[in-house]
Each structure stands twice: as structure tokens, then as C-alpha cells.
Amino acid sequence: MIKSMTGFGRCELARNDRKFTVEIKSVNHRYMDVTIKMPKKLNFFEASIRNLLKEYMQRGKIDVFITYEDYSESTVAVKYNKEIAAEYMQYLNQMADDFGLENDIKVSGLSRYPEVFTMEEIAADEEEIWKLLEETIRGAAEQFVQSRVVEGENLRDDLIGKLDGMLVHVDYIEKRSPEIVEEYKQKIYEKVKELLTDAQAEDNRILMEVTLFADKICVDEEMVRLRSHIETTKQTLLEGGSIGRKLDFIAQEMNREANTTLSKANNLDISNHAIELKTEIEKVREQIQNIE
């Protein structure tokens, strides 16, 4: 099977008062370019996330959106800073002695001094969080890949139809080209004979020169190579896999053969079919850009 580079997948999982939502979407790109948007507290998972995504995709501009909600009541805890409280007491007692005052400090009063009590976030269980996050990413990635496969199958069918249409033009040019070459040779021969005034000129010599000149408009080799490229493309589409770059190269070669054919053509019919070939090849190249 082949895959399109356009895809979308989404998965949402909740467990143990934690909830992850992952969305993955992609568009065409020459290489694999991944952008991940997620809460800062998950940044230490980025390398693992990127490695995980490589199991599911090879090319495309891929955007990953991750949201995380933690409803557990044990995410923060109160911390008593005994050393700071003792330092406050030391200075308060010193002030009472220095100014002859009664030290009327109470626990409730001391507790309100800065940094005596602080709220501290409890370190999360990274292994447990990653287990849930990985499962959510895989769920989104599998849906993402499936959407790419469905689109890829549509692309394959469309491309094969276009390639079959190109073969119609190749068939016509292959059939018509030899006739045109012969007609051209005969026309040149008659013209040369008419213009030549040298009675010593031999027919064999004239025919040889005419043949060499007429061969310049022969496109047999171009059609053989073009047919081969078309068949190779169809076979590659049926084999599937990550074939986008290979097909793009073949399409460039097909375009080269069509250009050569058009430059050699000295017949309106051949020119029209060569132009149609170039048009279809360009459509094929555009579609190939969507294949992973």
C-alpha cells in the first residue's frame, strides 16, 4: 500500500486522574519535519516522542498537538522550612532583648512569615505518565496512518488512470512516427532530386543523406524509454511502500523524454500528442508530490 502525505489522527485517553489528548496532522514536505506543541512540563519526553513517530511516518510536514490535564489531588504539598522559622525566632528573641520587649510571637504568627510554609509540586511519576502518553500517541498515530493509507489508495488509482491515458498517446506516436519519417524522407528526396543539377550525383548517396537527416525526427527511442518509465511507475505504485522520491525522479525522466519528442516533432499530430503527454506528466508529478 502507498500513503499520502496528507493525514489526520486524534486520540484521547484518561486514566488515574490524568488525561491526554493528542492530535496529529500533516501536509506535503520533501523530508520529515515534525513540530510538537505541548505543555512545558512534558518537554523531557520530546526525544522519545520523536522516536515513536518515526515508527509511523517517514515524510511530511507533521504537526503534533498534545494537551495534558492532571486532576489528582496530590500534585502539590505543603513544605515546612524549619531552618527559616528558627532563624526568624532567633532574630525576634534578639530584638526582644535589645529593646527590652516581651516576645509575644505565637505559632500562628510565625507561620505567616515568608517562606516558613511553601507549596511544593510533587515530582510526577514519569514512567506512569509516559506509559499513558505513549498509548495516546500510538492511538492518534494509527488513526493518522489509516487516513494516509485511504488517501494513498485514491492517489494510486488516480495515477494509474493518468498513466494509462499517457500510454494512449505513446501508442499513437509509436504507430504514426515511422509513417511520418518515411513521408518526410520521400519529400526530402524528391526535393533534393529537383534541386540537384549535378548529373553525377548517385541515388544511393542522396538516399543516405536523406535518411541521416530524417532520422533526426525519429522518436522511437524516446517512446521506448517513456513507455518503460510509465510501466515502472505503475509497477512501483502497485508494490507500495515509501515511494514518493523514487516516483518523483521517474516523473522527471518522463518529462525529459516528452520534451525531446516535442522538439523533434515536425508534424502537427505528433506535436499535439507530445503536448498532451507533457500535460499529463505534469499532473502526475503534482500528484506524486502527495505520496510519502
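The structure reproduced in this document is the subject of the present report. Here the structure is a predicted model, which means the values were calculated and not measured.

**Re a nonpolar patch on the surface**
Taken together, the side chains of Val 78, Tyr 80, Phe 117 and Met 119 make up a nonpolar region of the molecular surface, amounting to roughly 470 Å² of accessible area. Elements with a minimum of two residues in the nonpolar patch: β5 (76-80) and β6 (117-121). Inspection of the secondary structure puts Tyr 80 in strand β5.

**Re the layout of surface pockets**
The space that makes up the second largest pocket amounts to roughly 180 Å³. Looking at the second largest pocket, the residues that line it are Met 5, Asn 28, His 29, Arg 30, Tyr 31, Arg 59, Gly 244, Arg 245, Asp 248, Ile 288 and Gln 289. With three residues, the single largest contributor to the lining of the second largest pocket is helix α7 (residues 244-264). Per-class residue counts for the lining of the second largest pocket are three nonpolar, four polar and four charged.

**As for the pairing of strand β2 (residues 18-27)**
Across a regular strand the side chains alternate sides, sitting on one face of the sheet and then on the other. Examined bridge by bridge, strand β1 (residues 7-15) and β2 share nine bridges and lie antiparallel to one another. Residue pairing in the sheet places Arg 10 in a bridge with Glu 23 of β2. Hairpin geometry of β1 and β2 is characterised by an intervening segment of two residues between the two adjacent antiparallel strands and by a positive phi of about 55° at Asn 16.

**Comments concerning the environment of Ile 49**
With respect to the secondary-structure elements, Ile 49 resides in helix α1 (residues 46-53). The class for Ile 49 is buried, based on a relative accessible area of 0%. As for Ile 49 and Arg 138, which are separated by 89 residues in sequence, their C-alpha atoms are 10.0 Å apart. Among residues more than four places away in sequence, those in contact with Ile 49 are Ile 36, Met 38, Ile 66, Trp 130, Leu 133 and Ile 137.

Definitions and limits used
Residues numbered from 1 in each chain as written. Predicted model: local features only at pLDDT ≥ 70, side-chain atom pairs only at ≥ 80, totals over all residues. Heavy atoms only, no water. Patch = residues over 30% accessible without salt bridge, like charges linked within 9 Å, V, L, I, M, F, W, Y side chains within 5 Å. Areas by Shrake-Rupley, 256 points an atom, 1.4 Å probe, with all protein chains shown as cover. Salt bridge = Lys/Arg side-chain N within 4 Å of Asp/Glu carboxyl O. Helix = DSSP H or I, 4+ residues; strand = E, 2+ residues; numbered from the N terminus. 1 Å grid on protein atoms, 1.4 Å probe; cavity = no way out; pocket = protein on both sides within 12 Å on 5 of 7 lines; lining within 4 Å. Points joined across faces, edges and corners; volume = space filled by probe spheres on them. Nonpolar A, V, L, I, M, F, W, Y, C, P; charged D, E, K, R; others polar. Pairing = 2+ DSSP bridges. Buried < 20%, exposed > 50% of the residue type's maximum accessible area, 1.4 Å probe, protein only. Contact = heavy atoms within 4.5 Å.

What is shown is where atoms sit, not what they do.
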